[in-house]
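Tertiary structure, described
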Amino acid sequence: MKQTFGQWLQLKRAELNLTKYRLAKDLNCSNTYIRTMEIDKYTPSKDFAIRIADYFEDDRDYVLSLIGMVSDDVLQIILDNPVSVCHFIRKLKKNTGNR
């Protein structure tokens, strides 16, 4: 089962032993906002997800994938090479057995 953004956020916060209040303070948002993201009730904006990824020093592309988005540079590659990217993804999916 794919990890959700909320699960990832809970795990990262737990790894650093951070309270919701402390994380909210560090990210300049409310602890309610943190809580709603952790239960996957609210999905952060692309910019806020990148801020959170940077805060935890995690891979931006991975974090963005958890909210169904891609970084601007990846999007540009897709837009510049749509057929090649689709062929590559389908081949990768076939080779890894993901259906």
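Residues numbered from 1 in each chain as written. Predicted model: local features only at pLDDT ≥ 70, side-chain atom pairs only at ≥ 80, totals over all residues. Heavy atoms only, no water.

For the rest of this paragraph, the subject is a nonpolar patch on the surface. A cluster of nonpolar side chains, Val70, Leu75, Ile78 and Leu79, forms an exposed patch at the surface whose accessible area comes to about 300 Å². Tracing the sequence through the fold places isoleucine 78 in helix 6 (residues 72-80). Relative accessible area serves as the criterion here: at 31%, isoleucine 78 is assigned to the partly exposed category. (Patch = residues over 30% accessible without salt bridge, like charges linked within 9 Å, V, L, I, M, F, W, Y side chains within 5 Å. Areas by Shrake-Rupley, 256 points an atom, 1.4 Å probe, with all protein chains shown as cover. Salt bridge = Lys/Arg side-chain N within 4 Å of Asp/Glu carboxyl O. Helix = DSSP H or I, 4+ residues; strand = E, 2+ residues; numbered from the N terminus. Buried < 20%, exposed > 50% of the residue type's maximum accessible area, 1.4 Å probe, protein only.)

Comment: phi is negative for the bulk of residues other than glycine, and the bulk of peptide bonds are trans. Although it is not a glycine, asparagine 28 sits at a positive phi angle of roughly 60 degrees. Tracing the backbone shows asparagine 28 in the loop between helix 2 (20-27) and helix 3 (31-38). Judged by relative accessible area, which is 71%, asparagine 28 ranks as exposed. The backbone phi angle of aspartate 40 is positive, close to 60 degrees, even though this residue is not glycine. With respect to the helices and strands, the residue aspartate 40 is situated in the loop between helix 3 and helix 4 (46-55). By relative accessible area, aspartate 40 is classed as partly exposed at 39%.

These results come straight from atomic positions and should not be treated as a statement about function.
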